Each structure stands twice: as structure tokens, then as C-alpha cells.
Amino acid sequence: MTTKKVIHAGQPGTQKWIKKFGQDLIAVRYKYDTATNKKMVTVELIAEVQDWQKNLKRIPKNKIVKIKIGYGEIDLRQRIKALGAVWNKTEKVWAMKYEIVKTLGLTERIIDNN
């Protein structure tokens, strides 16, 4: 089955569907099934609306964060190096993916997540 045409609500060709589904209509799609020689019209509708706010404290798992490792923590330093951590000479911190920092339980050592 292939989709040949997508028309968004308000564009020409959607008035019939807006009358039927109202302001909940988002898009109309025309799909063609070559096996059965059928044309299908599908609609995308808004099913539910809720208040939502972006979680500003969330850190993406692939974001590079900086962590502090003490000079004497040789085992930990070798472990994070093996997992891809990179030493930043200028700032004297280790940089690595947040996902790894979280897995190792080192989130309290993050210095700057900007």
C-alpha cells in the first residue's frame, strides 16, 4: 500500500472532511493498494488535548556532560576512559555521554550540563 497524496486541514480538497470531522481534522491521506486495486482515504484526527510543559531538567542521554574525578581515583578514571570519556585539559574535567554517567551513578559529579 502506498500513500500518494497528503492534504493538510484547510488546504483545497479538505472541506468535505472538515464538515464531517470539524476542527479535529489534521490531514487527509489517499492510499492505494495495488494488490486489491483499491483506493483508501484515511484521516488524521486530534483525539485528545492536554496541558503539557517541557521538562527543562531532563538531560538527553547522548548529551556530553562534564564530570569531576579526583586525582587519586585511578580505578574510576580508567573505567570511564574505557567507556569513551575524554579529558579536557583546559577545564580539568572529564567529558562523556550523560547515559554513561547515569549508568555509573556519577550524576552528582556533573559540574555543568549546559
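Residues numbered from 1 in each chain as written. Predicted model: local features only at pLDDT ≥ 70, side-chain atom pairs only at ≥ 80, totals over all residues. Heavy atoms only, no water.

K.L.:
Residues and numbers for the pattern of salt bridges, please.
P.N.:
All chains considered together, the criterion is met by three salt bridges. The partner of K66 in a salt bridge is E91, and the shortest N-O contact between them spans 3.0 Å. Taken together, the positions of K66 in strand β4 (residues 64–67) and E91 in the loop between β5 (86–88) and β6 (93–97) put the pair 25 residues apart, joining distant regions of the chain. By relative accessible area, K66 is classed as partly exposed at 23%. We note a salt bridge from R109 to E73, for which the minimum N-O separation is 2.7 Å. With R109 in the loop between α3 (98–103) and β7 (110–112) and E73 in the loop between β4 and α2 (74–82), this pair connects stretches of sequence that are 36 residues apart. By relative accessible area, E73 is classed as partly exposed at 26%. (Salt bridge = Lys/Arg side-chain N within 4 Å of Asp/Glu carboxyl O. Helix = DSSP H or I, 4+ residues; strand = E, 2+ residues; numbered from the N terminus. Buried < 20%, exposed > 50% of the residue type's maximum accessible area, 1.4 Å probe, protein only.)

K.L.:
An account of the environment of L45 is requested, with residue identities and associated values reported.
P.N.:
As for its placement among the helices and strands, L45 is situated in strand β3 (residues 38–45). Separated by 15 residues in the primary sequence, L45 and Y30 place their C-alpha atoms 15 Å from one another. Discounting residues that sit within four places of it in the chain, L45 has contacts with F21, D24, L25 and I26. (Contact = heavy atoms within 4.5 Å.)

K.L.:
Residues and numbers for the sheet that holds β6, please.
P.N.:
Overall, antiparallel pairing links the four strands, which are arranged β5-β6-β4-β7 in an open sheet. Only two strands of the sheet have a single neighbouring strand rather than two, namely β5 and β7. Pairwise comparison of adjacent strand axes, ignoring direction, gives a mean angle of 45° for this sheet. As paired elements, β4 and β6 share four bridges and run antiparallel to each other. (Pairing = 2+ DSSP bridges. Axes fitted to C-alpha atoms, helices over the stretch in contact; angles between N-to-C directions.)

K.L.:
Tell me about the pairing of β6, residues and numbers included.
P.N.:
With four of its five residues buried, β6 lies for the most part within the structure. Where β5 and β6 come together, three bridges link them in antiparallel fashion. For N88, the partnering residue across the bridge sits in β6 and is V93. In this antiparallel pair of consecutive strands, β5 and β6, the connection spans four residues, and K92 shows a positive phi of 55°.

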